[in-house]
Number of protein chains: 2
Amino acid sequence: MTRKVVIIGAGAAGASAAARARRLDPEAEVTLIDKGPLISHAPCGIPYYIGGVVKDAGELAVYSPEEFARERRINVRVNAEAIDVDSSNRIVLVKEGNSVVKYEWDVLILATGAKPIVPSIEGNDLRGVLTLRLPHEAGRLREEALRADKVAVIGGGYIGLELAEALRALGKRVMLFEMMPHVLPSTLDEDLAKLIHDELIKNNVELHLSEKVVGFRGVNGEVKSVITDKGEYNVDKVFMGVGVRPDVDLALKAGVKLGETGAVYVNEYMETSVPGIYAAGDVAETWSMVTGRRMYVALAPPANKMGQVAGANAVKGRFLKFPGVLGTAITKVFNLYVARTGLTERQAREWGFKPYSATVKVKTTAHYYPGGGVATIRLTADEDTGRVIGAQVIGNDRLIAGYIDTAAALIGKGATVDDFFFADLSYSPPTAPVWHGLIVAARVLSRGKY
Amino acid sequence: MTRKVVIIGAGAAGASAAARARRLDPEAEVTLIDKGPLISHAPCGIPYYIGGVVKDAGELAVYSPEEFARERRINVRVNAEAIDVDSSNRIVLVKEGNSVVKYEWDVLILATGAKPIVPSIEGNDLRGVLTLRLPHEAGRLREEALRADKVAVIGGGYIGLELAEALRALGKRVMLFEMMPHVLPSTLDEDLAKLIHDELIKNNVELHLSEKVVGFRGVNGEVKSVITDKGEYNVDKVFMGVGVRPDVDLALKAGVKLGETGAVYVNEYMETSVPGIYAAGDVAETWSMVTGRRMYVALAPPANKMGQVAGANAVKGRFLKFPGVLGTAITKVFNLYVARTGLTERQAREWGFKPYSATVKVKTTAHYYPGGGVATIRLTADEDTGRVIGAQVIGNDRLIAGYIDTAAALIGKGATVDDFFFADLSYSPPTAPVWHGLIVAARVLSRGKY
């Protein structure tokens, strides 16, 4: 009998799952349903279109729904909103235009993603209070930005920082509000975040730290000011970037269990608590490769991989295992690259480790080679095991991406300080100093052993 | 009793060993002896001075001998040539100026390095036939290059390629001779080396592959032509870059055993076959982290680490273990970065593995992000174990260094194809595609599993 696989949500995880299920079961009937007009979508590119780095918003999508449907023989339903799931009868109801269509499934994959958090404060529904969701809205967001002189960005996470840069590239006056004492509060240690503060200030971003936005005031339904616990600021537009939360509405209707983070609980096979239902991507909970503890990250690379695992297991049973994540992330903030993986020192302490760190400032080329960059590296290790459990790297060289990937590779394989020191990393005068920065950091971390 | 540590050779390994011994035994008498005028020297920077990228040859050295001696309380003897060792009586004889000085040692560390191979062919002693040895000769080499119009570079290894680029930067006509069918014959697979051939040709390097140099002809003792098995070519200067061999002259006098590669045999503690004598760096043999087999690599980063291990163990006994190398290396060839680690597919086959490879060509940014580079990646795995055993990466982005370091980190920790696929690597549109090239390669390598 033909297996019916229905996937709700066609972002990174959903599209990967669909492609994978199709590939591993050429007989299956694979249906991919998304409430928007796009598939394989992600918001990561939007700031670069707003700022003018990417000229054509159409380029932000990888595949058109039509291509994807044709090339992979997948029944792609866009502008189709799944509104209810009956897990006993294995049915999902989908609103397509004015009708409600019933899809039967043998296997259901929930890949409904995340939605931007909009704090429930006064004025959050005013025109001109904007959130980043999907690439097809990029054009409108850029238009809105172009029409403004003064823009507030609420939230100093990755999206907030990328938006601040984009808006400065358009010559706008930019105020960045972060209620915590530093940007990237949940992913970077405070003293390192200060390097980003300096870069923001150098690029004329007005930085409002430890300042909580409590509402917006408008005139004729249009936002005119941001009200915080410290003052009121006239603005023409507001971009919200306070983070995302898993979009579990449909999951709750399906009756699957949520995990401690509020995302859908899944095991290493991406199975939910309900037989026949998988979840993957930003709607699903994951866990740390370092601690084993449940965590929630909404990032495209793990979403893609969770999608692969869910799609494969949907048609092959327990075929693949997802090993968890390190929370590896990077962003560019003007001329700085900011990257992290594993635990920060603060997180490590909160999670019961006995962390100790080495922080070094190094060149990214041989000392005599002109034009090289500078990187500040923090490695954090655990006193009890000697394992390195986290890395943070900030610097003005594209190679920062390579530094964090190297650290993530080692940490993911349980590397100790010794393993870091003896990693056989590459050297040539234009690309590295003879003692690579990560090895210098490991040497400091060894406390005299090296 | 004060321990007397004598180190012969003050290159990367010797200087590291001296610093380490001093640090771990503040009471020891540490003597560092070098036949040249420099310490902590390496030839890696010379091509960049010849080509004019580095303006001041003085910058190529990290420390002056005086600084090093003063700051670390090390007895530094430069322009001092060790001419004999008596291992029974623990004495080394050193020629300093016109006198021979006798140094007693409790521990001796041989760090005499490598010397450039000069093939014993007719005319190799003509004026204008040049080799790269030490940074203090960089000035003279650049002068020689500047005076020439037509220059031959013999050997298509790292130094040969870097010299070709440097000489083209000076506007010279450059002929590159390599007796094997492709450049980097011992470190890269042939089809990948062709990408370098294209780059060399594009930059007007005249490429003579599969062509063996059999002699040089001169007039009045000055080189005037290169004679090969295919023809004779007029040149003004010849740069030799056919590789190096371990400088074992003193080691043989000390009576230590050589290994199968012709370098000094050492165990993981850097102990030679003679009690009390260690060896480290380019004079010493090492072994592959992948195969465990003995191999010889003359590269600065492992030399430094071997020096650390030898220096530490010289004063603390069996304190540190050297884990071996992957032969990780990178070079810049005009606008290409060429990098490798572990085994090539050909090496893997020669060494008895059942290798299979995936070769992919990928972007180094999100597809829509302008200005990104392109990388060709080969991952090679072993059929029997599923382990990845080698990586080769060529591309026009500095990030290639990060790709090879990430691969080296994983391979060094015994990573499988699965580990590569699930490595939690970083993503942001300016620094990576959402599926990192290494993961794309791992996916292909999985043969349908992912």
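Residues numbered from 1 in each chain as written. Chains lettered and ligands numbered in written order. Predicted model: local features only at pLDDT ≥ 70, side-chain atom pairs only at ≥ 80, totals over all residues. Heavy atoms only, no water.

When its secondary structure is counted, chain A shows twelve helices and 25 strands. Taking 2.2 N^0.38 as the reference for a compact globule, 450 residues should give roughly 22 Å; the C-alpha atoms of chain A span a radius of gyration of 23 Å, in line with that estimate. Across its three principal axes, chain A shows a C-alpha extent of roughly 65 × 55 × 40 Å. Summarising the internal contacts of chain A: among those between residues at least 6 apart in sequence, 62% fall at separations of at least 24. Each charge sign in chain A was given a centre, from 54 positive and 52 negative side chains, and these centres are 2 Å apart. (Helix = DSSP H or I, 4+ residues; strand = E, 2+ residues; numbered from the N terminus. Rg over C-alpha atoms; globule rule 2.2 N^0.38 Å. Contact = heavy atoms within 4.5 Å. Lys, Arg positive; Asp, Glu negative; His and termini not counted. Charge placed at Lys NZ, Arg CZ, Asp CG, Glu CD.)

A separate point is the sheet that holds strand β25 (residues 388–395) of chain B. Residue and element names in this part refer to chain B. In space, the five strands of this open sheet follow the order β21-β22-β25-β24-β23, with antiparallel pairing throughout. Pairing within the sheet leaves two strands with one partner each, and these edge strands are β21 (329–333) and β23 (355–363). Direction aside, neighbouring strands of the sheet carry axes that sit 10 degrees apart on average. The pairing of β23 with strand β24 (residues 374–382) spans nine bridges and is antiparallel. Along β24, the bridge assignment pairs K363 with V374. Sitting on the sheet, helix α10 (residues 400–412) is in contact with β21, β22 (336–342), β23, β24 and β25, with an inclination near 180 degrees to β25. (Pairing = 2+ DSSP bridges. Axes fitted to C-alpha atoms, helices over the stretch in contact; angles between N-to-C directions.)

So, about the nonpolar core. Formed by 210 residues in total, the largest nonpolar core has its most connected members in I377 and L379 of chain A together with I377 and L379 of chain B. For I377 of chain A, the residues in contact, after removing those within four places along its chain, are A358, T359, V360, V362, Q392, V393, Y403, G437, L438 and A441 of chain A. (Core = buried A, V, L, I, M, F, W, Y, C linked by side-chain atoms within 4.5 Å. Buried < 20%, exposed > 50% of the residue type's maximum accessible area, 1.4 Å probe, protein only.)

Moving on: the interface of chain A and chain B. Accessible area lost on assembly of the parts is the figure often given for the size of an interface. Taken together, the contact pairs 74 residues of chain A with 74 residues of chain B. For the chain A face of the interface with chain B, the top three residues by lost area are R398, F422 and D424 of chain A, together amounting to 13%. If you look at where chain A meets chain B, you find four salt bridges. Between R398 of chain A and D397 of chain B there is a salt bridge whose closest N-O contact spans 2.6 Å. At the boundary of chain A and chain B, one finds 28 residue pairs in polar contact (both at pLDDT 80 or more). Every element with two or more residues in the side of chain A that touches chain B is listed here: α1 (12–24), α8 (300–316), β21 (329–333), α10 (400–412), α11 (417–422) and α12 (437–445) of chain A. Taken together, the residues of the side of chain A that touches chain B break down into 43 nonpolar, 18 polar and 13 charged. (Buried area = accessible area lost by both parts, 1.4 Å probe. Salt bridge = Lys/Arg side-chain N within 4 Å of Asp/Glu carboxyl O. Polar contact = N/O pair within 3.5 Å; in protein donor to acceptor, adjacent residues only side chain to side chain. Nonpolar A, V, L, I, M, F, W, Y, C, P; charged D, E, K, R; others polar.)

Okay, the UniProt feature "domain: Pyridine nucleotide-disulphide oxidoreductase dimerisation" (unreviewed entry) in chain A next. The sites that carry the UniProt feature "domain: Pyridine nucleotide-disulphide oxidoreductase dimerisation" (unreviewed entry) are, in the present numbering, residues 330–433 of chain A. What you have in residues 330–433 of chain A is 24% helix and 36% strand, and the ends, taken at the C-alpha atoms, are 22 Å apart. (UniProt positions renumbered as here; feature names shortened; annotations may be inferred.)

UniProt's entry tags residues 4–300 of chain A with the feature "domain: FAD/NAD(P)-binding" (unreviewed entry), counted in the numbering of this structure. Between the first and last C-alpha atoms of residues 4–300 of chain A the distance is 26 Å; the span itself is 23% helix and 30% strand.

Next up on the list: the pattern of salt bridges. For the structure shown, the criterion picks out 54 salt bridges over all chains. Residues K237 of chain B and E144 of chain B are paired through a salt bridge, measuring 2.6 Å at the closest nitrogen-oxygen approach. One end of the pair, K237 of chain B, is in strand β16 (residues 237–240); the other, E144 of chain B, is in helix α4 (residues 138–147), and 93 residues separate them in sequence. Three or more residues joined by partner-sharing salt bridges are found here, namely R127, R140, E144, R147, E222 and K237 of chain A.

Residue and element names in this part refer to chain A. Counting buried positions along strand β24 (residues 374–382) yields eight of nine residues, so the element is predominantly enclosed. Relative to strand β25 (residues 388–395), β24 runs antiparallel, the two sharing seven bridges. Within β25, the residue paired with L379 across the bridge is A391. Counted along the chain from β24 to the antiparallel partner β25, the turn is five residues long, and its residue G386 has a positive phi close to 75 degrees.

For the pair chain A and chain B, the best superposition has an RMSD of 0.0 Å and corresponds to a rotation of 180 degrees with a translation of 0.0 Å parallel to the axis. Here the copies are linked by what is in effect a two-fold axis. Minimal C-alpha distance to the rotation axis in chain A is attained by G402 of chain A, lying at 1.8 Å. (Least-squares fit on C-alpha atoms with pLDDT ≥ 70 in both.)

Residues and elements named next belong to chain A. Per the domain assignment, the segments making up chain A are domain 1 (4–36 + 79–115 + 245–316), domain 2 (118–242) and domain 3 (336–445). Each of domain 1 and domain 3 has a C-alpha centre, and these two points are 35 Å apart. On the domain 3 side, the residues contacting the five residues of domain 1 number seven residues. Counting the surface lost from both domain 1 and domain 3, the interface buries some 530 Å², and carbon and sulfur atoms represent 74% of this. (Domains from an automatic or database assignment.)

Residues and elements named next belong to chain A. Pairing in this open sheet of three strands is antiparallel, and the strands run β4-β5-β6 from one edge to the other. Of all strands in the sheet, those bounded by a partner on one side alone are β4 (80–86) and β6 (99–104). Put simply, the sheet's adjacent strands are angled 25 degrees from each other on average, direction ignored. Here β4 runs beside strand β5 (residues 91–96); their pairing, made up of six bridges, is antiparallel. Bridge pairing in β5 places A82 opposite V94.

Before going further, it helps to spend a moment on helix α5 (residues 158–169) of chain A. Residues and elements named next belong to chain A. With twelve residues, α5 ought to run about 16 Å at 1.5 Å a step, and its terminal C-alpha atoms sit 17 Å apart, in line with that. Within α5, nine of the twelve residues are buried, which leaves it mostly tucked inside the rest of the structure. Listed in full, the buried residues belonging to α5 are Y158, G160, L161, E162, L163, A164, E165, A166 and L167. Looking at the residues trailing α5, positive phi occurs at G171, about 80 degrees. (Expected span 1.5 Å × (residues − 1).)

Another point: α10 of chain B. Residue and element names in this part refer to chain B. In this model, α10 (13 residues) spans 18 Å end to end at C-alpha, consistent with the 18 Å of a helix rising 1.5 Å per residue. In terms of burial, α10 is a largely internal element, twelve of the 13 residues being buried. Turning to α10, its buried residues number three or more, namely I400, A401, G402, Y403, I404, D405, T406, A407, A408, A409, L410 and I411. Where α10 ends, the next residue or the one after it, G414, has phi of about 75 degrees, a positive value.

Turning next to the environment of N89 of chain A. Residues and elements named next belong to chain A. Relative to the elements of secondary structure, N89 occurs in the loop between β4 and β5. Each C-alpha atom of the pair N89 and L207 lies 54 Å from the other, and the pair is 118 residues apart in sequence. At 2.8 Å, the side chain of N89 and the side chain of D86 are in polar contact.

Right, let's get into the packing of aromatic side chains. All names here are of chain A. A full pass over the atoms with the stated rule returns 18 aromatic pairs over all chains. Judged by centre distance (5.9 Å) and plane angle (35 degrees), the rings of F421 and W435 are tilted. Here F421 is found in helix α11, whereas its partner W435 is found in the loop between α11 and α12, with 14 residues between them in sequence. For the pair formed by F421 and W435, the shared burial category is buried. With a centroid separation of 5.4 Å and 85 degrees between ring planes, the pair formed by F422 and Y450 is classed as edge-to-face. You can see F422 sitting in helix α11 and its partner Y450 sitting in the segment after α12, a full 28 residues away along the chain. (Phe/Tyr/Trp six-rings, centres within 6.5 Å; stacked < 30°, edge-to-face > 60°.)

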